[in-house]
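# Residue-level structure breakdown
In case you want the letters, here they are:
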Amino acid sequence: MDNNFDDIVKKLENNELWDFHGGVFPAEQKTLSNQNLIAQLPLSKYLYVPVKQHIGVEGQVIVSEGQAVLKGEPLTQSSNPFAVPIHAPSSGKILSIGEHVSAHPSGLPELTIKIETDQQDRWLPLTPMVDYQKQSKMDVIGAICNAGISGMGGAGFPTHIKIGTTKQVEFLIINGVECEPYITSDDRLMREHAWQIRQGIDVLCHLLNPKCVVIAIEKNKPEAIEAMEVACKENSNYQVVDIPTKYPAGGEKQLIQVLTNREVPAKGLPIDVGVIMHNVGTCFAVSDAIFSGKPLVQRVVTVTGGAVETPGNFWAPIGTPVSHLFNEANYNSKAQKQPQAIMGGPMMGFSITDESVPVVKTTNCILLPDAKESQTRKEQACIRCGACADVCPANLLPQQLFWHAKGKELDKAQDYNLFDCIECGACAYVCPSDIPLVHYYRVAKSEIKLEQDEKVKADKARERFEKRAARLIAEQEARDEKHRLAAEARKQAMSDSGNTAKDKIAAALARAKAKKEATAKGMSNADESIAPHKANENSGTKASSNERVQAAIARAKAKKEAAQKALQQTESKTANLEPTEISDTDSADSKVMLQDADVADTLDNKDKPAIDKKAKVAAAIAKAKAKKLAQQREEKEAENSIGYPDNANSAVEKNTKETQSDDIQAENLALKKQRVAAAVAKAKAKKLAANSDQVIADDVTTKQDTLQSLDKDNKESQGLDQKKQRIAAAVAKAKAKKAAKDASQKTEDDKS
Amino acid sequence: MSLSFAIFTALCAIGVLALIFGLVLGFAAVKFKVQGDPLVEQIDEILPQTQCGQCGYPGCKPYAEAIANGDDINKCPPGGEATIKKLADLMGVEAKSLDAAHGTEDVKKVAFIREAECIGCTKCIQACPVDAILGAAKQMHTVITDECTGCDLCVAPCPVDCIDMVPVPQSTASWRWDIDKSIPIKQVK
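What you see is a predicted model; the values in this text were computed from it and never measured.

Scanning chain A from N- to C-terminus turns up 20 helices and 16 strands. Burial analysis of chain A (752 residues in total) assigns 45% to the buried set. For chain A, the proportion of contacts with a sequence separation of at least 24, taken over those separated by at least 6, is 73%. When the accessible surface of chain A is totalled, it reaches about 39300 Å², and 52% of it is carbon and sulfur.

Written out as C-alpha cells, the structure is:
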C-alpha cells in the first residue's frame, strides 16, 4: 500500500507528489493585486455585521440598540457548540439590529447589527493566552471559539469543531494554495505575516498533536514559499511543500489527494483519512486570538479586476460595506458595460446584488471585472463532447448530472453523486457550449435539500398527528368507560330498590357521592399545594390558594347541608336502611369536621371506603381551617405592624380593616358597573348592527359606542379601555360572522 | 406388484415433499410476516402530511388507504404536481393534473394568530390536527410556527377571525438558485 504514513512522508521529503483527476489552467491574473503591501482600510462610517457568518447556527444577540460598544466586544453568544460569536469590528454605537442585505448569492435580508463607528477604534481590554501550552486544551479551544474564528478559506466551518477532534491526526495540512485566479489575500498574508501564521500553526499542533505538518503553497507564489520556509526553519516537523499550479488544487479533497494520495470518502470528512486542513488565514486568526487576545474582527480582502484602478489587498473590518472598498480601490464603473461585482473569485464567486453588502469572515475577494474580462455568451445545447468529464476534479460525470438536473430527475442526479460536486466551475470553464453547469447543480442541490427538509417536517407532522389521534381515542374511551360505569351504578341502584321514590334517592345519592369525591380530590390537591411548613410565609400565591381552599370548603359545606336535608326528609318518609346508614355517617362526619380531624373511631365500619374518603375530606377541611386561622392571625399581625407600628389598637385596626374592605368593595362595585356598562354598550351595538342588517360590523362605530357609554358611566384606566375596545370589536366580529352565516343559511333555506 | 410399489413410493415421496414445503412455507409466513399494508405506508410517505383534509379524507393516512384501494391520486393540493407525479410512479398509473374540486396548489403558508384579538376560546386548538397551537381557555393562543403544516383548519372555527394564513418568508436557507435570473458566475477567461 503506497499511501501509508511513512511512505507519504518520504515522498513529501523528496517533493514527489500525486495528482488529482482533471483540473484546468485559467489565466492567473494574480500580479494585478499582489504587488503592494496589505493596506489598512480607513474605517467606514457604518459597519453592517451579520449575526450569522459561518456554517452552523447563529448566537443570541446580547447587545441592544443605542448601546456603545468597544472594538472586540462580543455581540452574540450561544451555548450551542455549532455557534460562533461575532464581535464589534470597531468602537462606536449600535444604531440598529435588523434586516440588511446579506453576503449571499440571493441577497436576501438577514439579521444584521449596524454600528456607527466613532473613528477612535478603542479596544476592549484584551486577555491574551501566551502561556497556552500550560493551559488545558479545552481552555485554548474555548478561547479560539470565543474569538469567533471560523474557516477563512471560503466555507466558514467553525474552527473549534475541527480542532476539537479526538481522533488521531496524522497530517495537519495548512492550505496556502489559493488556486483561484485573481485572489491574492493569502499570498500577501503569507509574505507579510509568515511568523504569525507559524505561531498559529504552533497552537494548532499543541491541540491536535499531528505526526506531520505540511504547509502547501502553489508554485506560482515563490515569495510566499520563501517567507514560510524562513518562518518554519526552526521546526523540522513543519514541511513547506510547493505544489503544481492547477485549478482547483486548493480544494480540500484535491489537496489531500495531491499530498497524500488519500481520498476523502463521499459524505466523509478529512479526519476520516487522518487529515485536518486549515487555511493560512485561519492560522493567522488563531495566533491573533491566542497571543494578543484579539477576536476575529478584520480580514484581508483582495479588491481586483479590470474595473479598479488601484487593485490591491486591504485589512477590512468585518461588516465594511463593499462600496467602501470600491472607493478605496478607485472603482471605475465606466469600464463595465453594466455594474457588476463578484464576491469571491471568478470561478466560485457570486454576483452581489447591492453595494451595501458587508464583508464577512469568508470574504476573500471582491472582483470588479471590466467589459473585456466579463464576457458572457449565450448558452447552447450540449454536444456531448465530454470535455467537462475530463476536467472534473471529483471524477464525476458532469453532463449526466446536467441532464438530470435540467430534467428535474433529482434522484437520478443523486445516483450520479451530485453532492460530491465541489462547485469548482472547471466544467463550466471548459464547456464549448457555454452551459453554466455549476449553476444547474446548485439549483438541483438546493431543491434536493428543500425536499429533504420538507420530508423531515412531514415526518414530524405525521408523528404529531398520530399521537394526537391516539390521545383523542384514549380520551373518548375513558369517557365511554365513565359513562358505562355510571349507567351500571344507576341500574344497580334501580334493581336494589323497589319503588320509584327510592330510585330517585339512590340516584341523587350517587350523584352527591361523585361530587363529594371530586371535591375531596380537589381539596387534597389544594392541601398539597399549601404545605404546612410554608404556612408562615406571607406570599401572594399562598393567599390565593387559601382563597381557593376557602371557596372549596364553602362549596363542600353547602353541598353537605343540602344532602343532609334531603336525607332527613327521606328518613322521615321511608324506613329503608341504606340511606339512614349513609346519613348517619354524614352527620358523624360533619360533627367530626367541626371538632377535630380524628375521625376513624367514631365512624361506622360498614361503609369503609366511603368513610375513609370522608375522613380525608374532614381532615383536609380541618387542616385548611387551621391554616386559614393562622393566615388570618398573621394578616392581623401584619396589619398591626404596618398600619400602626407604635400602638396596636384593635378597634382602630378593625376600623381600618373595615374601611379597607369597604374601599375594595366600592372598587369592585365600580369595576362591575363599568363591566355592565360595557356589556350594555356591546349589546346595543349588536342590536344596532342586527337591526340595520349591516352584515359587516362597523368596528369604529362599535368602539365609539363603547367609549361613549363608558365615559358616561365612569372614568376608566386606559388599559381597561383598550381591552374593552378589543372585546367589543371581537364580539362585533363574532356577531357579524354569525349574522353572515345565518344570512347564508336563510338564503339556502329559501332556496330549498 | 412393482407398479403398485412404485406408485406407493412416488405418492409417499411427493407427500413427504409436500409436507416439507408446507412446513417451510408455514415457517416463512410466520417469520417474514409483513405488518400492515406496505403500499399504504409507501403512499403515506409521499403525501405531504399537512393533514388538511382537502382530499375529503380525515388526514393523510386515510387518503393513503383510499389510494391503495383505487381512489384518484390527484386530490392533494398541498402536495401539488410533484406529489401526483411520485404517486403515479409508485402506483403505475398515468399522472393527472390536480383535481380543482379539492383546491389549487398554493405557496406554503403557516397560521398566524393576531394575539391582541384572540379571545381564548380554544376552538382553533381543537381544530389543529398536529397540536401546533398553544393556549388555554381565556388565555391568548399562539401558533408554533415550526410545527404548523399550513392546513388552514384553524381559520374557520375562529369566532373572531383573528387567524391569518401568512406565506412562509424566504430565507437564505430556503432560497433556491434561480436559473432564469442572471447567472452569477461569468466566465472570466
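Moving on: the overall build of chain B. A count of helical and extended segments in chain B gives five helices and four strands. Its helices and strands in sequence order give chain B the pattern α-α-α-α-β-α-β-β-β, from N to C terminus. Across the 189 residues that make up chain B, the buried fraction comes to 34%. Across chain B, contacts joining residues at least 24 apart in sequence account for 52% of those joining residues at least 6 apart. Of the roughly 11100 Å² of accessible surface on chain B, 62% is carried by carbon and sulfur atoms.

This part covers the sheet that holds strand 16 (residues 365–367) of chain A. Residue and element names in this part refer to chain A. An order of 1-13-12-16-14-15 is seen for the six strands of this open sheet, with the pairing classed as mixed. Each edge of the sheet is formed by a strand with only one pairing partner; in this case those strands are strand 1 (39–40) and strand 15 (350–351). Pairing of strand 12 (residues 298–304) with strand 13 (residues 312–317) involves six bridges; the strand directions are antiparallel. Bridged to V300 within strand 13 is W315.

Together, D411(A), D415(A), E451(A), D453(A), E454(A) and D89(B) make up a negatively charged patch on the protein surface. Of all the elements in the fold, those that place two or more residues in the negative patch are helix 11 (410–415) and helix 13 (437–496) of chain A. For the negative patch, the leading source of residues is helix 13 of chain A, giving three residues. Looking at where D411(A) falls in the secondary structure, it is placed in helix 11. A relative accessible area of 54% means that D411(A) is categorised as exposed.

For residues that are not glycine, phi is negative in most cases, and the peptide bond is trans in most cases. Residue and element names in this part refer to chain A. With an omega of 0°, the peptide bond running from Y247 to P248 counts as cis. Along the polypeptide, P248 turns up in the loop between strand 10 (238–243) and helix 6 (252–260). Although it is not a glycine, D434 adopts a positive phi angle of roughly 55°. Structurally, D434 can be placed in the loop between helix 12 (426–430) and helix 13. D434 sits in the buried class, given a relative accessible area of 16%.

Further remarks concern the environment of V240(A). Residues and elements named next belong to chain A. Turning to its location among the elements, V240 is positioned in strand 10. Residues V240 and N15, 225 residues apart in the sequence, show an inter-C-alpha distance of 9.8 Å. Excluding anything up to four places from it in sequence, V240 contacts I215, I217, I225, M228 and E229.

All names here are of chain A. Taken together, the side chains of R490, R511, K515, R555 and K559 define a basic patch exposed on the protein surface. Going through the elements one at a time, helix 14 (500–529) and helix 15 (540–573) are the ones with two or more residues in the positive patch. As for its position among the elements, K559 is in helix 15. Under the relative-accessibility criterion, K559 is labelled partly exposed at 34%.

Next up on the list: the pairing of strand 9 (residues 212–218) of chain A. Residue and element names in this part refer to chain A. With seven of its seven residues buried, strand 9 lies for the most part within the structure. Both faces of strand 9 are covered, namely the face carrying C212, V214, A216 and E218 and the face carrying V213, I215 and I217. With six bridges joining them, strand 8 (residues 171–176) and strand 9 adopt parallel strand pairing. Residue pairing across strands places I174 opposite I215, the latter belonging to strand 9. Following the backbone out of strand 8, through helix 4 (residues 185–208) and into the adjacent parallel strand 9, one traces a crossover that is right-handed. Note that strand 9 and strand 10 share six bridges and pair parallel. Bridge pairing links V213 to Y238 in strand 10. A crossover links strand 9 with its parallel partner strand 10, the connecting element being helix 5 (residues 222–231), and its sense is right-handed.

Let us now look at the interface of chain A and chain B. The interface is formed by 46 residues belonging to chain A together with 51 residues belonging to chain B. Interface of chain A and chain B: buried area, both sides summed, is about 4400 Å²; carbon and sulfur atoms make up 55% of it. In terms of surface lost to chain B, no three residues of chain A exceed H439(A), R464(A) and F465(A), which account for 14% of the buried area on that side. Connecting chain A to chain B are seven salt bridges. A salt bridge links D131(B) to R471(A); its shortest N-O distance comes to 2.8 Å. Summed over the shared surface of chain A and chain B, the number is ten residue pairs in polar contact (both at pLDDT 80 or more). Listed by contribution, the elements that provide at least two residues to the side of chain A that touches chain B are strand 15, helix 12, helix 13 and helix 20 (718–751) of chain A. Among the elements that line the side of chain A that touches chain B, the one with the most residues is helix 13 of chain A, at 20 residues. Of the residues contributing to the side of chain A that touches chain B, the split by class is 17 nonpolar, eleven polar and 18 charged.

Bringing the pairing of strand 6 (residues 92–101) of chain A into the picture now. All names here are of chain A. Where strand 4 (residues 68–69) lies against strand 6, two bridges are found, and the strand directions are antiparallel. Among the inter-strand pairings, V69 is bridged to a residue of strand 6, identified as G92. Pairing geometry for strand 6 and strand 7 (residues 109–117), over nine bridges, is antiparallel. Note on strand 7: the bridge partner recorded for K93 is E116.

Moving on: the packing of helix 4 of chain A against helix 7 (residues 280–292) of chain A. Relative orientation and spacing of two packed helices are given, respectively, by the angle between their axes and the distance between those axes. Residues and elements named next belong to chain A. One way to put it is that helix 4 packs onto helix 7 with a least axis distance of 7 Å and a crossing angle of 60°. In terms of their interaxial angle, helix 4 and helix 7 are classed as oblique. Regarding helix 4 and helix 7, the two cross each other, and that crossing is left-handed. Judged by residue contacts, D186, L189, M190, H193, Q196, I197, Q199, G200, I201, V203 and L204 of helix 4 engage V280, G281, C283, F284, V286, S287, D288, I290 and F291 from helix 7. Looking at the contact of helix 4 with helix 7 residue by residue, the class counts come to twelve nonpolar, six polar and two charged.

Position of H193(A) among the secondary structure elements: in helix 4. Classification of H193(A) as buried rests on a relative accessible area of 19%.

It is worth spelling out a nonpolar patch on the surface at this point. Among the surface-exposed residues, V16(B), L17(B), I20(B), F21(B) and V24(B) lie close enough to one another that they form a single nonpolar patch of about 460 Å² accessible area. With respect to the helices and strands, the residue L17(B) is situated in helix 1 (residues 2–31).

A word on the sheet that holds strand 10 of chain A. Residues and elements named next belong to chain A. As summarised here, the arrangement of the four strands in space is 10-9-8-11, forming an open sheet in which the pairing is parallel. Of all strands in the sheet, those with a lone pairing partner are strand 10 and strand 11 (275–279), marking the two edges. Here the average twist between neighbouring strands, direction ignored, is 25°.

What follows covers the pattern of salt bridges. Scanning the entire structure with this criterion turns up 36 salt bridges over all chains. A salt bridge links E252(A) to K162(A); its shortest N-O distance comes to 3.9 Å. Here E252(A) is found in helix 6, whereas its partner K162(A) is found in helix 3 (residues 159–163), with 90 residues between them in sequence. Judged by its relative accessible area of 23%, K162(A) falls in the partly exposed class. In this structure, R188(A) engages E192(A) in a salt bridge whose closest nitrogen and oxygen atoms are separated by 3.0 Å. Of this pair, R188(A) and E192(A) both sit in helix 4, separated by four residues, roughly a single helical turn. A network of salt bridges, in which partner residues are shared, links K455(A), D459(A), R462(A), D44(B) and E45(B).

Reading the values: rules and limits
Residues numbered from 1 in each chain as written. Chains lettered and ligands numbered in written order. Predicted model: local features only at pLDDT ≥ 70, side-chain atom pairs only at ≥ 80, totals over all residues. Heavy atoms only, no water. Helix = DSSP H or I, 4+ residues; strand = E, 2+ residues; numbered from the N terminus. Buried < 20%, exposed > 50% of the residue type's maximum accessible area, 1.4 Å probe, protein only. Contact = heavy atoms within 4.5 Å. Areas by Shrake-Rupley, 256 points an atom, 1.4 Å probe, with all protein chains shown as cover. Pairing = 2+ DSSP bridges. Patch = residues over 30% accessible without salt bridge, like charges linked within 9 Å, V, L, I, M, F, W, Y side chains within 5 Å. Salt bridge = Lys/Arg side-chain N within 4 Å of Asp/Glu carboxyl O. Lys, Arg positive; Asp, Glu negative; His and termini not counted. Charge placed at Lys NZ, Arg CZ, Asp CG, Glu CD. Right-handed = clockwise from strand over helix to strand, strands pointing away. Buried area = accessible area lost by both parts, 1.4 Å probe. Polar contact = N/O pair within 3.5 Å; in protein donor to acceptor, adjacent residues only side chain to side chain. Nonpolar A, V, L, I, M, F, W, Y, C, P; charged D, E, K, R; others polar. Axes fitted to C-alpha atoms, helices over the stretch in contact; angles between N-to-C directions. Parallel < 35°, antiparallel > 145°, perpendicular 65-115°, else oblique. Left-handed = near helix turned anticlockwise from the far one by under 90°.

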